[in-house]
Amino acid sequence: MLEDLGAEVREVRVPADLDGLDGLVMPGGESTTMTLGIQREGLGDPLRDFVRSGKPVLGTCAGMIMLDREHLGVMDTLARRNAFGRQIRSFEEDLEIPGIEGPVRAVFIRAPWLAEYGDAVEILAEVDGHPVAARQDNMLVISFHPEIAGETRVHELFLQGLKP
Amino acid sequence: MRDEATFRVKAGLAEMLKGGVIMDVVNAEQAKIAEDAGAAAVMALERVPADIRRDGGVARMSDPILIKGIQEAVTIPVMAKARIGHFAEAQVLEALEVDYIDESEVLTPADEANHIDKWGFKVPFVCGATHLGEALRRIGEGAAMIRSKGEAGTGDIVEAVRHLRSIRSEIRRLGTLDDMELATAAKELQSPLDLVRQVAADQKLPVVLFCAGGIATPADASLVMQLGAQGVFVGSGIFKSSNPSERAKAIVEATTHFKDPARVAQASEGLGEAMQSLETRKLEDQQLLATRGW
């Protein structure tokens, strides 16, 4: 999706892959698997340094979890994993997000929500009273997958942050 | 408006598993080992394929108590196998709220003509395929993920390679056909024309494609990933080897770094004995699992 929006994309598997990046997407996936991968590759500190450099970071679903207090510890949030339940409770619905005109079709797959968050965190959207989109400094996190519905505007918002 | 169980919600979970390893487990202890080794999901079944081959008899869905134990033991998605055409087993698995149902040739088929109507379920399905026509028929029936079948329980990668290559090359071939020829291709593939057209245009399946059946080593995982699989299922290859935990970790690592031979080499070191293997070519026709499914 980012390539379709004109960005040059590189997958990050080892710390050296972070060199020279202007922004970072922490994508969806299984957060347990990702945590183990980050440990195995020694990616924890390099990722924390990247986030603290102030470059834009977008965390989607598992990415929201990876950035929280209990994982990389860079965002003042605590995500609750699989908060909506197992796959049979996965769903899609329209969300209003500040800065995006009109509804965003949000696909939630075994999605988390933010159970706790500090004062520095701005909540952008909620479902059933639980935060599912939020921002803190250079970090934007969403617990859903706009890309699965072909929704490009959240990623455009992230790419706009890359511009000087 | 909230919509549950739409096709993209079903297919979306498979998208999240891409690049990962899904491991066969028979109980909670194995599931925990798999999760700790970095599995993206686990597949619950009564016996691993190598044991089904050895013991024979009818292979069925797992005991629900084992599936519940696995669900309690891990936080990664829990998949479970139902017999081909056995929609009542699938209904039970849906009631247990497994995350994916594998309508699988590894179990003994319950219906020799019909597959389950997967559109009727809220839980998504993964199905095996040996070639493109079979894959598209399963998707037409509602499958939200496809795995190439390979020959489960052998530790022999040859059938997995054959099926994966067949699916991928048939997709490429569709890309060379015009509209009239695509209609003929749909007839030959015995597949829905709209799906054939879509695959021809997109040059990929409309759902995620994993590889299964015969993966026993890190290099096997790298091989099938380089041949275009988007992730791997490992059945007997892990828990029938001499050191399941280390082998599981190594296959995860090789799947992540499949393009980097140095990392695959590192992952392959000192894993002990691979599973006891069978050469597929020496099996009798009635011993083959991949031919189940129609």
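Per chain, residue numbering runs from 1 following the sequence as it is written. Note on labels: chains are lettered from A, ligands numbered from 1, in written order. Only residues with pLDDT of at least 70 are given local features in this predicted model, and only at 80 or more are side-chain atom pairs given and counted; all residues enter the totals for whole chains, interfaces and linings. Each side-chain value is worked out from all heavy atoms of the structure, with water and hydrogens disregarded.

As annotated in an unreviewed UniProt entry, chain B is Pyridoxal 5'-phosphate synthase subunit PdxS from Solirubrobacter deserti. The UniProt entry for chain B carries this comment under Pathway (unreviewed entry): "Cofactor biosynthesis; pyridoxal 5'-phosphate biosynthesis." UniProt positions are given in the numbering used here, feature names are shortened, and annotations may be inferred rather than shown by experiment. Its UniProt record gives chain B the following Subunit (unreviewed entry) comment, quoted word for word: "In the presence of PdxT, forms a dodecamer of heterodimers."

Caption draft 1: Main features of the side chain of B:Glu151. Residues and elements named next belong to chain B. Under the scheme used here, helices are H or I runs from DSSP no shorter than 4 residues and strands are E runs no shorter than 2 residues, and both carry numbers assigned from the N terminus. Inspection of the secondary structure puts glutamate 151 in the loop between β7 (145-148) and α7 (158-174). For every residue, the accessible area (1.4 Å probe, protein chains only) is compared with the maximum for its type, and the residue is labelled buried under 20%, exposed over 50%, or partly exposed between those bounds. Look at glutamate 151 and you get buried, because its relative accessible area is 2%. Engagement of the side chain of glutamate 151 in a polar contact is seen with the side chain of arginine 53, the distance being 2.5 Å. Throughout this description, a polar contact denotes any pair of N or O atoms lying within 3.5 Å of each other; where both atoms belong to protein, one of them has to be capable of donating a hydrogen while the other can accept it, and for residues adjacent in sequence the pair is counted only when both atoms sit in side chains. Here the side chain of glutamate 151 touches alanine 290 through a polar contact of 3.2 Å, landing on its backbone nitrogen. In what follows, residue pairs with any heavy atoms lying within 4.5 Å of each other are defined as contacts. In contact with glutamate 151, not counting residues within four places along its chain, are Arg53, Glu159, Gly213, Gly214, Thr280, Leu283, Gln287, Leu288, Leu289 and Ala290.

Caption draft 2: Structural view of the interface of chain B and chain A. The partner chain A presents 31 residues to the 34 residues of chain B that form the contact. Across the interface of chain B and chain A, roughly 2,800 Å² is buried in total on both sides, 50% from carbon and sulfur atoms. Buried area, as used here, totals the accessible surface that two parts lose on assembly, with accessibility defined by a 1.4 Å probe and the loss added over both. Considering only the side of chain B, the residues that lose the most area to chain A are B:Arg2, B:Arg8 and B:Met16, jointly responsible for 25% of the buried surface there. Salt bridges are counted wherever a side-chain nitrogen of Lys or Arg sits within 4 Å of a carboxyl oxygen of Asp or Glu. Applying the counting rule to chain B against chain A returns seven salt bridges. In this structure, B:Arg2 and A:Glu93 form a salt bridge, with 2.9 Å as the shortest nitrogen-oxygen distance. Where the side of chain B that touches chain A is concerned, the elements lending two or more residues are β1 (3-4), α1 (7-17), α2 (28-37) and α12 (244-256) of chain B. Of all the elements, α1(B) adds the most residues to the side of chain B that touches chain A, at seven residues. Under this grouping Gly is polar, as are all residues other than the nonpolar Ala, Val, Leu, Ile, Met, Phe, Trp, Tyr, Cys and Pro and the charged Asp, Glu, Lys and Arg. Looking at the side of chain B that touches chain A residue by residue, the class counts come to 14 nonpolar, seven polar and 13 charged. A pair of strands counts as paired when DSSP detects no fewer than two bridges linking them. Pairing between strand β4 (residues 91-95) of chain A and β1(B): two bridges, direction antiparallel. Counted as the bridge partner of A:Phe91 is B:Glu4 from β1(B).

Caption draft 3: Geometry of the pattern of salt bridges. Taken as a whole and judged by the stated rule, the model has 40 salt bridges over all chains. With its nearest N and O atoms 2.9 Å apart, the salt bridge here joins B:Asp55 to B:Arg54. A relative accessible area of 60% means that B:Arg54 is categorised as exposed. Connected via shared salt-bridge partners are A:Glu92, A:Asp94, A:Arg105, B:Asp3 and B:Arg8.

Caption draft 4: Region of interest: the sheet that holds strand β5 (residues 104-108) of chain A. What the three strands build is an open sheet, ordered β5(A)-β4(A)-β1(B); its pairing is antiparallel. Two strands close off the open sheet at either side, each with one partner strand: β5 of chain A together with β1 of chain B.

Caption draft 5: Region of interest: the sheet that holds strand β7 (residues 122-127) of chain A. Residues and elements named next belong to chain A. Taking strand neighbours across the sheet as the criterion, the five strands line up as β1-β2-β9-β8-β7 in an open arrangement whose pairing is mixed. Of all strands in the sheet, those with a lone pairing partner are β1 (24-26) and β7, marking the two edges. Shown here is a sheet whose adjacent strand axes are inclined to one another by a mean of 15°, direction ignored. Bridge analysis of strand β8 (residues 130-136) against strand β9 (residues 139-142) gives four bridges, and the strand direction is antiparallel. The residue of β9 that forms the bridge with glutamine 136 is methionine 139. Strands in contact with helix α2 (residues 44-52) are β1, β2 (57-60) and β9; relative to β1, the strand with the most contacts, it is inclined by about 125°. Interaxial angle, 0 to 180 degrees, is taken between N-to-C directions of lines fitted to C-alpha atoms, where a helix line uses only the stretch in contact. Along the sheet face, helix α4 (residues 153-160) touches β1, β2 and β9 and points at about 155° away from the line of β2.

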